[in-house]
Amino acid sequence: MMKNVMVGQSGGPTAAINSSLAGVYETAIERGAPKVYGMLNGIQGLLEERYIDLSEHMTSGLDIELMKRTPASFLGSCRFKLPALEGNEEVYEKIFATLDKLDIGTFIYIGGNDSMDTIDKLSKYAVSIDSPIRCIGCPKTVDNDLAHTDHTPGYGSAAKYIAISMKELIRDSFTIDFKNGMCTIVEIMGRDAGWLTAAAALSRDEDCDGPDLIYLPELPFDLEKFRDKVGELLALKTAVVVAVSEGIHTADGKYVCEMGEGVAFVDAFGHKQLSGTASYLAGYIAAEFGCKTRAIEFSTLQRAGSHIASLTDSMEAEEAGAAAVRAAEAGDTGLMVTFKRVSEEPYICVTDLEDVSKIANEERVVPREWINKEGDYVTEDFLDYARPLIQGQLQPIMVNGLPKHLHVPEGLRER
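Residues numbered from 1 in each chain as written. Predicted model: local features only at pLDDT ≥ 70, side-chain atom pairs only at ≥ 80, totals over all residues. Heavy atoms only, no water.

*Asks:* Describe the overall build of the protein chain, naming the residues involved and giving the relevant values.
*Replies:* On a plain count of helices and strands, the protein chain comes out with 13 helices and 13 strands. Rg of the C-alpha trace for the protein chain: 22 Å, near the compact-globule value of 22 Å for 415 residues, within the 12% margin. By residue count, 57% of the 415 residues in the protein chain fall in the buried class. Here the analysis covers contacts within the protein chain between residues at least 6 apart in sequence; of these, 77% occur between residues at least 24 apart. Roughly 17,300 Å² of accessible area belongs to the protein chain as shown, and the carbon and sulfur atoms make up 49% of that amount. Here the protein chain contributes 40 positively and 64 negatively charged side chains, and the mean placements of these two sets differ by 2 Å. (Helix = DSSP H or I, 4+ residues; strand = E, 2+ residues; numbered from the N terminus. Rg over C-alpha atoms; globule rule 2.2 N^0.38 Å. Buried < 20%, exposed > 50% of the residue type's maximum accessible area, 1.4 Å probe, protein only. Contact = heavy atoms within 4.5 Å. Areas by Shrake-Rupley, 256 points an atom, 1.4 Å probe, with all protein chains shown as cover. Lys, Arg positive; Asp, Glu negative; His and termini not counted. Charge placed at Lys NZ, Arg CZ, Asp CG, Glu CD.)

*Asks:* I'd like to hear about the environment of Lys292, residue by residue, with values.
*Replies:* Here Lys292 is to be found in strand β9 (residues 292-297). Between the C-alpha atoms of Lys292 and Lys179, which are 113 residues apart in sequence, the distance is 8.5 Å. When sequence neighbours within four positions are dropped, the list of residues in contact with Lys292 reads Phe178, Gly181, Met182 and Cys183.

*Asks:* Before we move on, can you summarise the pattern of salt bridges with the specific residues and values?
*Replies:* All told, the structure shown has 21 salt bridges when counted by the stated rule. Here Asp53 makes a salt bridge to Lys35, at a shortest N to O gap of 2.7 Å. Note that Asp53 is positioned in strand β3 (residues 51-53) and Lys35 in the loop between α1 (17-30) and β2 (36-39), a separation of 18 residues in sequence. When the shortest N-O distance is used, the salt bridge between Lys121 and Asp117 registers 3.1 Å. Here Lys121 and its partner Asp117 are both found in helix α5 (residues 113-128), four residues apart, which amounts to about one turn of the helix. Here Lys121 and Asp117 have matching classes, each one buried. One network of salt bridges, with partners in common, ties together Glu65, Lys68, Arg69 and Glu318. (Salt bridge = Lys/Arg side-chain N within 4 Å of Asp/Glu carboxyl O.)

*Asks:* So, a nonpolar patch on the surface: which residues are in play, and what are the values?
*Replies:* On the surface, a nonpolar cluster with roughly 220 Å² of combined accessible area is contributed by Val342, Ile348 and Val350. You can see Val342 is positioned in strand β10 (residues 335-343). Overall, the relative accessible area of 48% leaves Val342 in the partly exposed class. (Patch = residues over 30% accessible without salt bridge, like charges linked within 9 Å, V, L, I, M, F, W, Y side chains within 5 Å.)

*Asks:* Give me the lowdown on the nonpolar core, citing residues and values where you can.
*Replies:* In terms of nonpolar packing, the biggest core is built from 38 residues, with Tyr155, Met166, Ile188, Trp195, Leu196, Leu202 and Phe382 touching the most fellow members. Secondary-structure elements contributing two or more residues to this core are α6 (155-173), β6 (182-188), α7 (195-198), β8 (239-245) and α12 (380-386). The dominant element in this core, judged by the number of residues it contributes, is α6, at eight residues. Counting residues in hydrophobic clusters, the runner-up holds 36 residues, among them Met2, Leu21, Val24 and Met67. (Core = buried A, V, L, I, M, F, W, Y, C linked by side-chain atoms within 4.5 Å.)

*Asks:* Please give an account of the sheet that holds strand β5 (residues 134-139) that cites residues and values.
*Replies:* The sheet built from seven strands is open, its strands ordered β3-β2-β1-β4-β5-β10-β11 with mixed pairing. Across the chains shown, the open sheet's two edge strands, defined by having one partner strand only, are β3 and β11 (348-355). With direction set aside, neighbouring strand axes in the sheet form an average angle of 30°. Bridge analysis of β5 against β10 gives two bridges, and the strand direction is parallel. Across the sheet, Gly137 pairs through a bridge with Met336, a residue of β10. In this fold α1 packs onto β1 (4-9), β2, β4 (104-111) and β5, with an angle of close to 180° to the strand it touches most, β1. (Pairing = 2+ DSSP bridges. Axes fitted to C-alpha atoms, helices over the stretch in contact; angles between N-to-C directions.)

*Asks:* Give a detailed account of the packing of helix α8 (residues 223-234) against helix α9 (residues 277-289), specifying residues and quantitative values.
*Replies:* Packing of α8 against α9 leaves a shortest axis separation of 11 Å and a crossing angle of 60°. Comparing their axes, α9 and α8 come out oblique. Crossing hand, α8 versus α9: right-handed. Facing α8, whose interface residues are Leu223, Phe226, Arg227, Val230, Gly231 and Leu234, α9 presents Tyr280, Leu281, Tyr284, Ile285, Glu288 and Phe289. (Parallel < 35°, antiparallel > 145°, perpendicular 65-115°, else oblique. Left-handed = near helix turned anticlockwise from the far one by under 90°.)

*Asks:* So what's going on with the state of the cysteines? Which residues, and what values?
*Replies:* A full pass over the atoms with the stated rule returns zero disulfides. With no disulfide of its own, Cys208 lies 16 Å from the sulfur of Cys183, the closest cysteine sulfur. Looking at Cys208, the relative accessible area reads 3%, which means it is buried. (Disulfide = S-S within 2.5 Å.)

*Asks:* Which residues make up a negative patch on the surface, and what values do they have?
*Replies:* The grouping of Glu86, Glu89, Glu90 and Glu93 at the surface amounts to a negative patch. Among the structural elements, Glu89 can be located in helix α4 (residues 89-101). The exposure class of Glu89 is partly exposed, given its relative accessible area of 34%.

*Asks:* Explain the packing of aromatic side chains to me, and be specific about the residues and the numbers.
*Replies:* Applying the stated rule across the entire model yields 15 aromatic pairs. Centroid distance Phe382 to Tyr385: 6.4 Å. Interplanar angle 45°. Geometry classified as tilted. Placement of the pair is Phe382 and Tyr385 together in helix α12, with a separation of three residues, close to one helical turn. In this structure, Phe382 and Tyr385 share a single accessibility class: buried. Ring-pair connections join several aromatic residues into one group, and the members of that group are Trp195, Trp370, Phe382 and Tyr385. (Phe/Tyr/Trp six-rings, centres within 6.5 Å; stacked < 30°, edge-to-face > 60°.)

*Asks:* For α4, give the residues involved together with the corresponding values.
*Replies:* In a regular helix each residue adds 1.5 Å, so 13 residues correspond to 18 Å; α4 covers 18 Å between its end C-alpha atoms and thus fits that length. Here α4 has its buried residues at Val91, Tyr92, Ile95, Phe96, Thr98 and Leu99. Looking down the long axis of α4, one finds its buried residues gathered within 155° of arc, a one-sided arrangement. Where α4 is buried, its residues meet β1, α2 (42-47), β3, β4 and α5. (Expected span 1.5 Å × (residues − 1). Arc of directions from axis to C-beta.)

Have a look at this one:
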């Protein structure tokens, strides 16, 4: 019989992260876990001994279905970097003292690159003190940049949102014929990996040409070539739509967003907050050509759009949570659940496991061969890869014309 389970969510949320939480909860209860606890605000909350009994919040099948349809992190999230093991034993002693007090046998962390660093450190500490607690990583990130997995839960829903929104923006851009044309610059998340921005190409179909240009951070951005390309397009079309990653940068490594007002905030993992790329480029194009321009940032909307979440994504996210529980029950630790594509037509993916130390702090970018020669669009190979991930829709449960969500009462979140 399984011992109690502790699960947490970390990093930026997705439209499918709570499906993974539902998968952990349902599978753990089915496998005989007496309790499934959720740490509030990730490992940072656990250090403050803030956690809840999930059975008090998932009292019916309806609650579980609502959980799958609720955006953001139900348990709350954090961006907290655990210190190195050596010289900081008291931090780990505190964590494991709480886990032991709650009779935890399985620790599951749902997150991205930095969260896998947490699993790596905790599993190594557990081994060093001969603790029986199993630590398993459950993948999550809209960025789709985790190594050693075909894709990451959360990406499919964000890609679907981007493709739909881009298609609608393209249709809207042709509404008015401005004298010197119009150029719309759409800024999409992606610091070093352009998976999300590449998804803008999924809007291309028989009734939509898709964006005219796509720029990813995998390749240096040439401002003059960009200007010339937009100029050529404006001479041919009444409206031009461009998708850019927030992290595009020049050959010398300078972010385009830093050419404007710059960025100031840096998080605990040393990541700059990037914003303003579209705004800078829109102003630049307006000055160069005297045309109407618009700068649009999808920002957090692209990761919160649970009302149009991919059914494929939600189902795979739930399976990732279930697979994490099964791995721990089998005695595994220090591993992350991965996805392995075994068939293209029909699309079939199965779960697997990989040593989390090979994944933590690594980053998987869009392959060069999936970007065209000019560096301003993606290839059919990318589209063949991404299309299966956005299929189907997880229909929201509507109340009073709006989607119904599940949430932790604010009083329980108090520090």
